[in-house]
Every structure is written in C-alpha cells, then in structure tokens.
There are 2 protein chains.
Amino acid sequence: MAKRLGEQTIKIDNPVSIINTASVVGPKEGQGPLARYFDVVLDDILHGCESWEKAESKIVETALNKVIEKADLSSRDIDIIIAGDLLDQNTGSTFGVMHLNRPFWGIFSACSNIGQAMSIGALTIDSGAAEKIIAGASSHFCSAEKQFRTPLELGNQRAPTSTWTVTGSGCTILSNSQDGPFITHATVGKIVDFGVVDAANMGAAMAPAAADTIAAHFRDTRREPSYYDLIITGDLGYIGRELAFRLMGDKGYQLDDTYTDCGIKIFDKAKQDTHSGGSGCACSAVTFAGYLFNALKEQTLNKILFVPTGALLSPTSSQQGQSIPGIAHAVAIENTR
Amino acid sequence: MAKRLGEQTIKIDNPVSIINTASVVGPKEGQGPLARYFDVVLDDILHGCESWEKAESKIVETALNKVIEKADLSSRDIDIIIAGDLLDQNTGSTFGVMHLNRPFWGIFSACSNIGQAMSIGALTIDSGAAEKIIAGASSHFCSAEKQFRTPLELGNQRAPTSTWTVTGSGCTILSNSQDGPFITHATVGKIVDFGVVDAANMGAAMAPAAADTIAAHFRDTRREPSYYDLIITGDLGYIGRELAFRLMGDKGYQLDDTYTDCGIKIFDKAKQDTHSGGSGCACSAVTFAGYLFNALKEQTLNKILFVPTGALLSPTSSQQGQSIPGIAHAVAIENTR
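Reading guide: rules and limits
- Residues numbered from 1 in each chain as written.
- Chains lettered and ligands numbered in written order.
- Predicted model: local features only at pLDDT ≥ 70, side-chain atom pairs only at ≥ 80, totals over all residues.
- Heavy atoms only, no water.
- Disulfide = S-S within 2.5 Å.
- Buried < 20%, exposed > 50% of the residue type's maximum accessible area, 1.4 Å probe, protein only.
- Helix = DSSP H or I, 4+ residues; strand = E, 2+ residues; numbered from the N terminus.
- Pairing = 2+ DSSP bridges.
- Least-squares fit on C-alpha atoms with pLDDT ≥ 70 in both.
- Contact = heavy atoms within 4.5 Å.
- Phe/Tyr/Trp six-rings, centres within 6.5 Å; stacked < 30°, edge-to-face > 60°.
- Lys NZ or Arg CZ within 6 Å of the ring centre and 35° of its normal.
- Expected span 1.5 Å × (residues − 1).
- Axes fitted to C-alpha atoms, helices over the stretch in contact; angles between N-to-C directions.
- Parallel < 35°, antiparallel > 145°, perpendicular 65-115°, else oblique.
- Left-handed = near helix turned anticlockwise from the far one by under 90°.
- Buried area = accessible area lost by both parts, 1.4 Å probe.
- Salt bridge = Lys/Arg side-chain N within 4 Å of Asp/Glu carboxyl O.
- Polar contact = N/O pair within 3.5 Å; in protein donor to acceptor, adjacent residues only side chain to side chain.
- Nonpolar A, V, L, I, M, F, W, Y, C, P; charged D, E, K, R; others polar.

Draft legend 1. Spatial organisation of the state of the cysteines. Residue and element names in this part refer to chain B. Summed over all chains, the structure comprises zero disulfides over all chains. Left without a disulfide partner, C49 is nearest to the cysteine sulfur of C142, which lies 12 Å away. Looking at the unpaired C283, the closest cysteine sulfur is the one in C262, lying at 5.5 Å.

Draft legend 2. Region of the structure containing the pairing of strand β7 (residues 132–139) of chain A. All names here are of chain A. Among the eight residues of β7, eight are classified as buried, and the element is accordingly described as predominantly covered. Where strand β5 (residues 80–84) and β7 come together, five bridges link them in parallel fashion. Bridge pairing in β7 links I80 to I133. Bridge count between β7 and strand β9 (residues 168–175): eight bridges; the pairing is antiparallel. Of the residues in β9, the one forming a bridge with S138 is S169.

Draft legend 3. A look at the relation of the copies chain B and chain A. Rotating chain B by 180° about the axis while translating it 0.0 Å along that axis superimposes it on chain A, leaving an RMSD of 0.0 Å. The superposition operator between the copies reduces to a two-fold rotation axis. Identified as the residue of chain B closest to the rotation axis by C-alpha distance is I107 of chain B, at 2.0 Å. Comparing contact sets, 100% of the residues at the interface of chain B also lie at the interface in chain A, consistent with an isologous, same-surface contact.

Draft legend 4. Summary view of the packing of aromatic side chains. Throughout the structure, instances matching the rule amount to 14 aromatic pairs over all chains. Centroid distance F218 of chain B to Y253 of chain B: 5.3 Å. Interplanar angle 40°. Geometry classified as tilted. In this pair, F218 of chain B sits in helix α5 (residues 202–221) while Y253 of chain B sits in the loop between α6 (237–250) and β12 (259–261), placing the two residues 35 residues apart along the sequence. For F218 of chain B, a relative accessible area of 1% puts it in the buried group. An aromatic cluster is defined as three or more aromatic residues linked by ring pairs; in this entry it consists of F218, Y227, Y228 and Y253 of chain A. Residue placement shows K269 of chain A over the ring face of Y238 of chain A; its charged tip is 4.3 Å from the ring centre.

Draft legend 5. Representation of unusual backbone geometry within the structure. Omega for the peptide link from G180 of chain A to P181 of chain A comes to 0°, which places this bond in the cis form. Mapping P181 of chain A onto the fold places it in the loop between β9 and β10 (182–187). With phi around 55°, A110 of chain B is a residue other than glycine that occupies positive phi space. Here A110 of chain B shows up in the loop between β6 (104–106) and α3 (113–127). You can call A110 of chain B buried: its relative accessible area is 1%.

Draft legend 6. Up close: helix α3 (residues 113–127) of chain A. Residues and elements named next belong to chain A. Relative to the 21 Å expected for 15 residues at 1.5 Å per residue, α3 spans 21 Å between its end C-alpha atoms, a close match to the ideal helical length. For α3, the buried fraction is high: 15 of the 15 residues fall into the buried class. Just downstream of α3 lies G128, where phi reads positive at about 90°.

Draft legend 7. Fine view of the environment of L292 of chain A. All names here are of chain A. Summarising the element assignment, L292 is placed in helix α9 (residues 281–297). Each C-alpha atom of the pair L292 and Y37 lies 9.0 Å from the other, and the pair is 255 residues apart in sequence. Contact partners of L292, with chain neighbours within four places excluded, come to L230, I232, T287, L301, I304 and F306.

Draft legend 8. Representation of the packing of α3 of chain A against α3 of chain B within the structure. Direction vectors running N to C along α3 of chain A and α3 of chain B enclose 55°, while the axes themselves pass 9 Å from each other. With respect to α3 of chain B, the axis of α3 of chain A lies oblique. The two elements α3 of chain A and α3 of chain B cross, and the hand of that crossing is left-handed. Residues I120, L123, T124 and S127 of chain A of α3 of chain A pack against I120, L123, T124 and S127 of chain B of α3 of chain B.

Draft legend 9. Structural detail: the interface of chain B and chain A. On the chain A side, the residues contacting the 62 residues of chain B number 62 residues. Summed over both sides, the interface of chain B with chain A buries roughly 5,100 Å², with 60% coming from carbon and sulfur. Looking only at chain B, the three residues that lose the most surface to chain A are Q89, W105 and I191 of chain B, adding up to 14% of its buried area. In this structure, D79 of chain B and R4 of chain A form a salt bridge, with 3.5 Å as the shortest nitrogen-oxygen distance. Summed over the shared surface of chain B and chain A, the result is 26 residue pairs in polar contact (both at pLDDT 80 or more). Of all the secondary-structure elements, those providing two or more residues to the side of chain B that touches chain A are β1 (3–5), α1 (52–70), α2 (91–97), β6, α3, α4 (141–148) and α10 (315–319) of chain B. Sort the elements by how many residues they give to the side of chain B that touches chain A and α3 of chain B lands first, with seven residues.

Draft legend 10. Quick peek at the packing of α1 of chain B against α4 of chain B. All names here are of chain B. Taken N-terminus to C-terminus, the directions of α1 and α4 make an angle of 135°; their axes are 8 Å apart at the nearest point. Judged by the angle between their axes, α1 and α4 are oblique. The hand of the α1/α4 crossing is left-handed. On α4, the residues that touch W52, E53 and E56 of α1 are C142, S143 and K146. Looking at the contact of α1 with α4 residue by residue, the classes come out as two nonpolar, one polar and three charged.

Laid out in structure tokens, this is it:
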C-alpha cells in the first residue's frame, strides 16, 4: 500500500525498484560531459529518418528496445509503458511505442514527463497492478525548435537566457524487485504561474514550480535538504537554477551545492554554446537514465531527489497572450528503503 | 491492493467509488437527446472568452468547480486532478486546472482521456495514496476543427463519415467511499494501427483499438458480453460502432444492442446534421458524467463497460503521411462489488 504524506506526497511502501535504464542521445549530447554514461550516441540527428518528428519516434523505439535488452527481458514482460514528449498530441511517444504492442498510458506534463511517468509507474507497481513498467520521455532539438520557436533554417540568434532542447530518450524499467535503487516517494506538482511570458526564458517560467514542489516535499516528508546527497531539477539551466535556489531560501530552505540541475550537467557551457543549459523532456530523462542511475548503482550517490520540471505552454497559448505556467514532479530515489 | 488479470486488465480490489460527476456542454449538445442530464448548458460557445481555446479552459474550470460543489466539498479536499484534452500541449486542461491549485497529472490518449484518467485515478485511490481524485476530460468543437481540420470560416462541407467534436467537459470525483457505483476493473489499451489515413473517418481509425481492448477485457476477466447491461465505446459514431461490432464478431464475441457508442447517444442524427455522430474527449466524458452516471445511480443500469476511444494523430503526423493509430481504455463500472 502507498500512503499519503501531507498535501502532495505519496510514500511508496512496497519495494519499487528501478531495475534498469537506457538512454539514446543525439550527436551534441554525445560531445558533452555526460557522454560516457549514454547507451547510444547517434551520429545522425535524423536517426536515418526523413523528418525530425519521425526521428524522435525512432529514438523512443530505440531506447525502449535498448532498456528491454539491457534488462534481459522481452517486450512481453512489460506490463505497461508510460511515456510523454513535447510534440503536438504526444506523437513522439505514440509512433515510438506502438510497435512494441504493449498497454500504453500517454502523459503530458511537458519536460517533467519522466517525473510524472515514474510517479504513476511506481504507484502502479506498489498497488500490485503491474510487475514491470517502463517510464520514459523524449525530446528532439529540431522538432522542438520548429514547433515552439522559429524555423531552424532562419538561423535566428538565440537569447542568452535560452536553453538547448536535448535530443534523446531516456527510459527506466520499474519493478517489484528487492534490489535498489528504489523509488520511495513521489511529490505531485501543482501548476505554478508567476506570469512569465518570455518563451526564451523557460528557466524563469519553471523555477517557481520547482521551488514549490521541493518545499512541499520537505514539508510533507519532514525531511531536510541535507537528507539528500543530491537534489537535481530537470531543465531549469543556470538561470532557472539560480532562481529556484533563491526562492527556496525565501521559503526557509537553504540549499547548497548539492542542488544542481540536469540542464547544467548535460552540456559544457563554455564549449557547447548552449547559453543557459539543456532543456526538454529528454534533458532530465537521459541525465537520470545515464549519469544518475550509474551513480546510484555505484553508490557514489545513495539518496537523490529528482525533480523534473515542465513549462505548460503551447505556441497558441503564447500567441493568445497567456503566461507560461510551470509544474514539477519530484521523485525520491534511494539505495536503501 | 489491485491485481493484474491476464495481459491488460487491472482488478481494483479496494472500493473505488464515483461519488459525483459534473458536465458542462455547449449549445448544440444542449439541443441533443441527452440535454436533461447535463449540469450546465452554455448558450455561448465562447463561454464569455475571446478565443475558443480560452473558452475550452474556462469550460474545464466550470466543470471542476461544479463537481466539487455538487459533492459538497472544497477544492482542498481533492488530492489530485487528472485531466487531458486534444489541444496542443494539453493547454485546455492546464489553463482550466491551474486556478484550483491542486496537484495535477496531465494525460494524453486523445479522446480516450477520460478512460485513462479514471483508470489511473482508481488505481491511485485503491493504493491508498489518495482519498479523492478528479478525473476529467474536455474538447471544443471550434478549437478542434481549427487545429485538426480547416478554418471554420471556410465553411467546408463535411464528409458523411465525419463526426462532430463535442464541446464540453466531463468530470468525476473518485473516492474510497463505500457507496457505489464502483470502478471494479480497468483494461489498459494498446495502440492499434490498421493503416487508416482518412482524418475525416476517425470511427474507422479507432474501431480496431476498441475491439482489441474489449476483447482483451473479456479474455482477462473471463466475462462474457452478456455480463454487462451496457457496453459503450467513446466516440466511434455510427460507422465506427458498426466496424467494432463486426470486428468483435470476428474475434468470437457476438455483441448485440446492448453495445452502443457515446457518439451515437449524444446527438440526434436526423435533426442535428452530425453525420456519423459525436466525437472528442468530451463526447465520452460528458455522456458518462451526465447520462450514464444518472442511469447507474437510478439503477436502470447496474453494470457497464465504458470504453473511451482515441485517435493518436497530430496534424503534423498526418501531413508526413503517417497513419492514424487508435487506442481504447476500458473501465468496468458496477453498482455492487
């Protein structure tokens, strides 16, 4: 049985283990500081396809097959796949998942998808309704730029506050196995809107939601920031991380250097021209599936609070003058229960 | 604890009750045969807003507040809201849910959203992680036509196979109360693709998925079609219902007149010029929240299999020559457990 703690947190009581992960990334991510942790680094951002959207779906399919292979399973062993992306009507996931012929729940919380997928997946395993679930998320730099910003061919200059959408897919297999790391808590985010309207500053749009969810997690669990070896948000980048850090201070939680962001870890700011850092659903998904899962398995990290962050805009909502609300879903992952 | 039955079905073991529902619909739905079951019938399809997208979000907000009021609760009593729609990046739900300031899971399985929301919600209540969850879905005729088809101002003629997107939002409150009706089973759909590419014939695109999920439900639960007082798909309309009926026959399940479709129930074919029937996330959501919930409470129906259906396309996937895969999520709702 799961248990509710406070207003937003679910305590997972039965063991829910992350038994394996897989990450597939594009060429740029393969030149970044986390390159050695990724399972597949593509040398072709189209992955042999004729469009960026089809490439994203093929990346999803590659990651799904990879994680099943790494766990020495067959696709029939997977009870449910939970996945989401940024493309209109979740087509990155749909056309990537469909050939696996498994029960499927599509989700949308923008770049916090992997956090929501892991939360629902953990709960489903805990309930006894499934034994093995894949939780995954994806994004693609080119399909995201085309959809949310300007045609790549225009060669627009990027704002210093902008982030670089990560190309890739990160998948995790959750199971009722007794071996860690375990998902122990999930804090379900609320939509938080500070009225940011600048689509070239997603870090600022999402930072209030990140701080809101992290503070709720500490309030609900009665844990302190020092409990965790690492607190890592999803894709706030440098600017958003700084804002979340300050907002947490205002809420009475003094974070320190154990708080960072996947968008800071995934690219080399000096060499890769990515301005405020990495973003996109894949930013947190592949950083977790690659770097963080490895650190948990090697026990260089034993307790992490993983907080994927999402900006809940569409091109239409922005064109109609709406602000950019944010959301963040926190998942506590620990080597011992 | 929940339990897995067969390949796709979750048996909900703890009581998960639908304690209340609310439905808000547009003017056309208010002239249809189910009018008397809806809580709010708008006389303005813009609901006082300046755009169809903003109207859809306001309809969502109206339905959420209505269901909370009808259940004599306050928004703080709701542990999680689960909702989805058809708009790019789920903005119909986002901007409708945000003012309630509750933990939120956005989902996307197109017009099967209410089925997926009720499934995840039921599981979450069963697990003990929440006491009250709102599961909801919405769509809007004008925002859907604009996004998926042609500008309304063009006055295009509609194909005879086309369906009419329902304007509205249907919400349910799920709870661990001991009073029925109860959600007893959820059968999680697989993506099924028969290669249909005609975006003016969604019924044909979704019928194979509906038949696949209904057959899986019977296989997994060892129930026969005759177990249910009513089997009702989401938005196949007349053409899709006929196809699903035949496909079920091919699978060895002879359905009869106890099988119908929400898209058939919601409009008067002869008088309302809706061709193959109703569609959209709201089609199944408001038909359930209005007509079906009423019939369960009045015990004119005691056992229903509710099977919302979704077409997993985007304008981009269609423009790139992809087919229209379908999905269907079945929920068994019964007055006794």
